[in-house]
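Here are the chains, one letter per residue:
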Amino acid sequence: TKMPQKIIIDTDPGQDDALAILLALASPEIEVLGITAAAGNVPVALTSKNIRKVCELAGRTDVKVFAGCEGPMEGSLFTAEYVHGATGMDGADLPEPGMPLQPQHGVDFIIETLMTHEPGTVTICTLGPMTNLGTALAREPAIAARIQQIVLMGGGLFEGGNVTPAAEFNIFVDPKAAKICFGCGAPIVMMPLDVTHQTLTTAKRVAAIKALGTPLADAVVGWLEFFERFDEQKYGTDGGPLHDPNVIAYLLKPELYEGRFCNVEIETDSALTKGMTVADWWGVTTRPKNATFMRHVDADGFYALLTERLARLPAKG
Ligand code: BDR
Ligand code: CA
């Protein structure tokens, strides 16, 4: 991989999305070409504002931020205020953003970026429902062959689902978009619940971030504490899962992750299992392999990386 790695982040902040954005902006190995807002945890009017709050927290008012689609490719939007709070980023009080939203639509930005960069040089990171990328692929199928790789947070196999017994939130919200993405032929790396349920926000790990002692660290800790309240109750663990930063951590340190290249199909029809990522882990079908399904992470290594990078960001907050 050539350095720095060019990426587009498509995201629905979300406290864990916010941390993923901070991790990317703190890392010189990554060049963020733009950030597109997805509708997911909260509607796109809020996620597109939250992204800009996070960029400003990181001192990066130069980042291009685009609003994307307002709802899934099919059906109506299912949001998760019950997890993330009314703003989507409850837990830290950040000022209203001063930096602008770009006038271009996020889908057009994704298409234009892929069509104007050398094929195989731009990675798409999706941290929410895959609506923007799915829509871009439907509108301009020629982008598929130009994508370096899609790295996404979504799905689950051995851990099951978190919004229904079978489905993880990001895939559940827009299974049609996920199906288009998984079928597009671009290399795919998945960070499913199987991984993200291992990167728990334990008291010790949160304390290490708090010890950075900056207003930025305080905001991060506020988010983590708000976010984990819900999940600690649900899972009975010390801390809750931290999902989306795994996508960025993978780009920085792939050796933290272990998984298997296999076939993954998306269930779009069944009322019972809609949004399930049906991963052929054991190779019991001849369906073509299309995704690297991650299953294990070095969670301490992940938190060491995250904490070290957060320490590099400007201290303001
Ligand atoms: C995913 O759903 C959202 O609530 C989180 O931000 C993460 O992307 C976890 O299922
Ligand atoms: Ca998310």
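From a predicted model like this one, the values you see are computed outputs, not experimental measurements.

What counts as what
Residues numbered from 1 in each chain as written. Chains lettered and ligands numbered in written order. Predicted model: local features only at pLDDT ≥ 70, side-chain atom pairs only at ≥ 80, totals over all residues. Heavy atoms only, no water. Phe/Tyr/Trp six-rings, centres within 6.5 Å; stacked < 30°, edge-to-face > 60°. Helix = DSSP H or I, 4+ residues; strand = E, 2+ residues; numbered from the N terminus. Lys NZ or Arg CZ within 6 Å of the ring centre and 35° of its normal. Salt bridge = Lys/Arg side-chain N within 4 Å of Asp/Glu carboxyl O. Buried < 20%, exposed > 50% of the residue type's maximum accessible area, 1.4 Å probe, protein only. Pairing = 2+ DSSP bridges. Axes fitted to C-alpha atoms, helices over the stretch in contact; angles between N-to-C directions.

Novice: So what's going on with the packing of aromatic side chains? Which residues, and what values?
Specialist: Considering all chains together, one arrives at eight aromatic pairs under this definition. For the ring pair F158 and W281, a centre distance of 5.7 Å and an interplane angle of 90° mean the geometry is edge-to-face. Of this pair, F158 sits in the loop between β5 (147-153) and α6 (169-173) while W281 is found in the loop between β9 (277-279) and β10 (291-297), placing the two residues 123 residues apart along the sequence. An aromatic cluster of three or more residues is present, and its members are F78, Y82, F169 and F172. In this structure, K274 packs its charged tip against the face of F172, placed 4.8 Å from the ring centre. Taking NZ or CZ as reference, R295 lies 3.6 Å from the ring centre of F158, over its face.

Novice: I'd like a rundown of the pattern of salt bridges, residues and numbers included.
Specialist: Using the criterion set out here, one finds ten salt bridges in the structure. One salt bridge in this structure joins D108 and R139, with 2.9 Å as the shortest N-O distance. You can see D108 sitting in helix α4 (residues 106-116) and its partner R139 sitting in helix α5 (residues 131-139), a full 31 residues away along the chain. We classify D108 as partly exposed; its relative accessible area is 33%. For E308, the salt bridge identified is with R309, shortest N-O distance 3.0 Å. Judged by relative accessible area, E308 falls into the partly exposed class, the value being 34%. A single salt-bridge network, built from bridges that share partners, covers E29, E308, R309 and R312.

Novice: So what's going on with the pairing of strand β6 (residues 188-191)? Which residues, and what values?
Specialist: Burial along β6 is two-sided: the face carrying I188 and M190 and the face carrying V189 and M191 are both buried. Sheet topology note: the β5/β6 ladder contains four bridges and is parallel. Across the sheet, I150 pairs through a bridge with I188, a residue of β6. Inspection of the sheet shows β6 paired to β10 by two bridges, in the parallel sense. Note that in β10 the partner of M190 across the bridge is F293.

Novice: Let's hear about the sheet that holds β6: which residues, and what values?
Specialist: Spatially, β3-β2-β1-β4-β5-β6-β10-β7 is the arrangement adopted by the eight strands of the open sheet, whose pairing is mixed. Of all the strands in the sheet, just β3 (65-67) and β7 (257-262) have a single pairing partner and so form its edges. Neighbour to neighbour, the strand axes of the sheet diverge by 25° on average, direction disregarded. Taken together, the five bridges between strand β1 (residues 5-11) and strand β4 (residues 122-126) define a ladder with parallel strand orientation. Along β4, the bridge assignment pairs D10 with T126.

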